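Here is how the chains run, residue by residue.
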Amino acid sequence: MHGGRMATRSALTRTLRCAMVGLCVAAGTTVLTGCVDPLLSPNEPRSQYSRYDLVRGRFAPQYVEDEFGRRKPNLRGRLLLPD
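Not measured: the values here are computed from a predicted model.

Visitor: How do you make sense of the overall build of the chain when you look at a structure like this?
Guide: Helix and strand content of the chain: three helices and two strands. Ordered by position from the N terminus, the helices and strands of the chain form the series α-α-β-β-α. When the 83 residues of the chain are sorted by exposure, 6% land in the buried category. Roughly 7,800 Å² of accessible area belongs to the chain as shown, and the carbon and sulfur atoms make up 63% of that amount.

Structure below.
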C-alpha cells in the first residue's frame, strides 16, 4: 500500500516539474520575442504592387483611425480596385 502512494506522489511531482519547465520556457520565449524590431516597416511598400501604387500616388495606408480615434486596418482602402 505504501509503495503505491509513493509512485503516485512521484508521478505528480514529475508532472508538476514538467509543467513548471514548460511555463518558464513559454514565459522566456514571450519576453525575448517581444524585444525584436518588426521585420517590415509600416511605411515601406510591401510588394511590387504597393510600390507601383506609391509611385502613382494611390498608396493606401495600412491603418486608419475611425471616428472614435481607434486604429483599424485599412482593408477597404487597400482592397479597392483603382479607378
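Visitor: Would you take a moment to explain the packing of aromatic side chains for this structure?
Guide: How two aromatic rings sit relative to each other is given by the distance of their centres and the angle of their planes. Under the criterion given, the structure shown has zero aromatic pairs. Sitting over the face of the ring of Tyr 63, Arg 71 holds its NZ or CZ atom 3.8 Å from the ring centroid.

Visitor: How do you make sense of the pattern of salt bridges when you look at a structure like this?
Guide: One side chain can pair with another of opposite charge once the charged atoms of both are near each other. Inspection of every chain in the model, using the stated rule, returns three salt bridges. A salt bridge links Arg 58 to Asp 53; the nearest nitrogen and oxygen atoms lie 3.9 Å apart. Look at the salt bridges and you will find they share partners, linking Asp 66, Arg 70 and Lys 72 into a network.

Visitor: Would you mind showing me how to read the side chain of Asn 74 here?
Guide: Turning to its location among the elements, Asn 74 is positioned in the loop between strand E2 (71-73) and helix H3 (75-79). A polar contact is formed between the side chain of Asn 74 and the backbone oxygen of Pro 61, at a distance of 3.0 Å. In terms of polar contacts, Asn 74 uses its side chain to reach the backbone amide nitrogen of Gly 77, at 3.1 Å. Excluding residues that lie within four positions of it along the chain, Asn 74 makes contacts with Ala 60, Pro 61, Gln 62, Tyr 63 and Val 64.

Visitor: Hey, could you run me through the side chain of Asp 66 in this one?
Guide: Inspection of the secondary structure puts Asp 66 in the loop between strand E1 (63-65) and E2. On the basis of relative accessibility, which here comes to 17%, the residue Asp 66 falls in the buried class. At 2.8 Å, the side chain of Asp 66 and the backbone nitrogen of Arg 70 are in polar contact.

Calculation notes
Along each chain, residues carry numbers from 1 onward, in the same order as the chain's sequence is written. In keeping with the predicted nature of the model, local features appear solely for residues at pLDDT of at least 70, side-chain atom pairs appear and are counted solely at 80 or more, and the whole-chain, interface and lining totals rest on all residues. Calculation of side-chain values draws on the structure's entire complement of heavy atoms; hydrogens and water are dropped beforehand. A helix here means a DSSP run of H or I that spans at least four residues, while a strand means a run of E at least two residues long, and both kinds are numbered starting from the N terminus. Each residue is placed in one exposure class: buried if its accessible area under a 1.4 Å probe, protein chains only, is under 20% of its type's maximum, exposed if it is over 50%, and partly exposed if it falls in between. Residue burial considers only the protein chains on display, and all accessible areas are found by Shrake-Rupley using a 1.4 Å probe. Aromatic pairing here means that ring centres of Phe, Tyr or Trp (its six-membered ring) are within 6.5 Å. Orientation follows from the plane angle: under 30 degrees is stacked, over 60 is edge-to-face, and everything else is tilted. In our convention, an over-ring charge means Lys NZ or Arg CZ found within 6 Å of a ring centre and within 35 degrees of that ring's normal. Salt bridges are counted wherever a side-chain nitrogen of Lys or Arg sits within 4 Å of a carboxyl oxygen of Asp or Glu. What qualifies as a polar contact is a pair of N or O atoms within 3.5 Å, subject to a donor-acceptor requirement within protein and to the restriction that residues adjacent in sequence count only when both atoms come from side chains. For this analysis, residues touch if any pair of their heavy atoms sits within 4.5 Å.

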